[in-house]
Amino acid sequence: MATSSTRPGVVIAAFAISLAIGLMGVLFLVGGFRSSTPVSSIGGPFQLTDQTGATVTEKNLQGKPTLMFFGFTHCPDICPTSLFEISEILRAMGPDAGRINAYFVSVDPERDTPAVMKDYLQSFDPHLKGLSGSPEAIAKMIKAYRVYAKKVPLKDGDYTMDHTAAVYLLDREGRFVVPFNLKQTPQQAATDLKRYF
């Protein structure tokens with residue numbers, strides 16, 4: 001049984017362990033354990049098409065903080081859940097939602113055309129833009145943002161996609177900041193985002 005004199009040490013040790021685990025989780029998400037992938041190397045030039053047919057490039061990221069999520073419209077759970085959570089944050093921001101870029105980038109160019117993205121995103125906040133493009137353009141984007149995405153065949157001849165589930169937060173210059181925490185209330189997340197205006 002711990003004495004009263006040892007309890008502060010136990011609490012401090014537990015806090016330090018928790019902090020270390022949290023930092024390792026963030027480093028894992030951004031590939032920080034690999035010296036060849038510094039945070040500054042996440043991002044780069046791209047050219048994709050949104051659900052309205054408009055061209056979007058890295059220049060569109062400048063001037064506003066950006067939330068960016070990589071997924072696909074046939075995703076059964078993680079993608080719709082994350083997009084719903086992003087939508088709730090945008091709603092919590094009220095009029096300030098227009099001061100944020102919010103992008104859903106497809107990792108499934110074979111199926112996710114602009115028309116498919118437009119139909120899919122009708123279930124979410126209208127500030128969310130869906131980006132798709134040719135397999136080559138998507139591959140370039142995935143590589144630039146250090147995203148994991150892999151096609152996985154299913155028994156019925158169809159396929160699904162394994163992919164990175166983190167939401168990227170980029171600053172007003174389009175530079176990666178940190179994986180954004182969706183596991184907080186929409187109000188807390190909105191307050192957090194406003195720090196990057």
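Residues numbered from 1 in each chain as written. Predicted model: local features only at pLDDT ≥ 70, side-chain atom pairs only at ≥ 80, totals over all residues. Heavy atoms only, no water.

1. Side note on the packing of aromatic side chains
Aromatic ring pairs: the centre-centre distance and the angle between the two ring planes describe each pair. Overall, the coordinates contain eight aromatic pairs when judged by the stated rule. When the ring of Phe-69 is compared with that of Phe-104, the centres are 6.2 Å apart and the planes differ by 20 degrees; the resulting orientation is stacked. Taken together, the residues span a long stretch of sequence, with Phe-69 in strand 3 (residues 66-71) and Phe-104 in strand 4 (residues 101-106) at a distance of 35 residues. Comparing Phe-69 with Phe-104, the two get one shared label, buried. Over the face of the ring belonging to Tyr-159 we find Lys-151, whose NZ or CZ atom lies 4.2 Å from the ring centre. (Phe/Tyr/Trp six-rings, centres within 6.5 Å; stacked < 30°, edge-to-face > 60°. Helix = DSSP H or I, 4+ residues; strand = E, 2+ residues; numbered from the N terminus. Buried < 20%, exposed > 50% of the residue type's maximum accessible area, 1.4 Å probe, protein only. Lys NZ or Arg CZ within 6 Å of the ring centre and 35° of its normal.)

2. Notes on the UniProt feature "binding site: Cu cation" (unreviewed entry) in the protein
Annotation from UniProt places "binding site: Cu cation" (unreviewed entry) at Cys-75, Cys-79 and His-163. A maximum C-alpha distance of 10.0 Å among these annotated residues, which run over 89 residues, shows that they cluster at one spot. With respect to the helices, strands and loops of the structure, Cys-79 is situated in helix 2 (residues 78-93). Among all residues touching Cys-79, those that are not within four sequence positions of it are Phe-69, Gly-71, Phe-72, Tyr-120 and His-163. The topology assignment puts His-163 in strand 7 (residues 159-163). Overall, His-163 belongs to the buried group, its relative accessible area being 14%. Beyond its immediate chain neighbours, meaning those up to four positions away, His-163 contacts Phe-69, Phe-70, Gly-71, Phe-72, Cys-75, Cys-79, Val-107, Tyr-148 and Ala-149. (UniProt positions renumbered as here; feature names shortened; annotations may be inferred. Contact = heavy atoms within 4.5 Å.)

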